[in-house]
Amino acid sequence: MKKLTLDDKGVIKLLSDLTEHASKRGIMFQMLLHMLSDDQINTLFNYLHRDYDIKNKFRLFNINDKVVFKPSKYEFSNMNMDIMQDKSLISHGYMSGKIISSPDYGSEFNPTYYRMTIEVPVLDDDNNIVMDTMDVDTLNLEFMTENQKRYFRHIWE
């Protein structure tokens, strides 16, 4: 295997192409993330965040951030989606949640970890809204839009 070396500009170009079109090239971006250790990912994002001002293009999550995600069919196969929609727990296939931690082995929150532990409103056996926690891939999380904040207001205020 031939070893390639890239200068800083080459690395930034490669990563900007991958992150700029992450929705189109999600597989490539995920492959890159899985090849790197947690420390390497943390270092890389901190380096880009500090030295190349990617703050405007990429924002890291924090504890208590309100997010939305599309749950997998497996995770919610035992819940009645119609009742969840009636109670405004789902909007256009998205559920809401609040980030409470990162499930890594460290004691501090790691905003670059590949999964986040979030608090999610779900239904209990009597169809009452209760809070549950679950781990969701960070790449599947999105910050809530203003419309989503209004729609899910009854849960998070």
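Here the structure is shown first, and the text comes after it.
Residues numbered from 1 in each chain as written. Predicted model: local features only at pLDDT ≥ 70, side-chain atom pairs only at ≥ 80, totals over all residues. Heavy atoms only, no water.

Caption draft 1: Just the nonpolar core, in detail. Core analysis: the biggest nonpolar cluster contains 22 residues, and Phe69, Met95, Ile99, Ile118, Val120 and Leu141 have the highest contact counts within it. Among the elements of the structure, strand E1 (66-69), strand E3 (94-101), strand E4 (115-123), strand E5 (129-137) and helix H6 (153-156) are those that each provide at least two residues to this core. In terms of residue count, E4 provides more of this core than any other element does, 5 residues in total. Not counting residues up to four positions away in its chain, the partners in contact with Ile99 are Phe61, Asn62, Ile63, Asn64, Asp65, Val67, Phe109, Met116, Thr117, Ile118 and Leu141. (Core = buried A, V, L, I, M, F, W, Y, C linked by side-chain atoms within 4.5 Å. Buried < 20%, exposed > 50% of the residue type's maximum accessible area, 1.4 Å probe, protein only. Helix = DSSP H or I, 4+ residues; strand = E, 2+ residues; numbered from the N terminus. Contact = heavy atoms within 4.5 Å.)

Caption draft 2: Examining the pattern of salt bridges more closely. The full count for this structure, using the stated rule, is 3 salt bridges. Across the pair Glu119 and Lys98 runs a salt bridge whose closest N-O atoms are separated by 3.6 Å. Separated by 21 residues along the polypeptide, Glu119 in strand E4 and Lys98 in strand E3 bring together distant segments of the chain. Asp137 is the partner of Arg115 in a salt bridge, and the nearest nitrogen-oxygen pair spans 2.5 Å. Of this pair, Arg115 sits in strand E4 while Asp137 sits in strand E5, and the two are 22 residues apart along the sequence. (Salt bridge = Lys/Arg side-chain N within 4 Å of Asp/Glu carboxyl O.)

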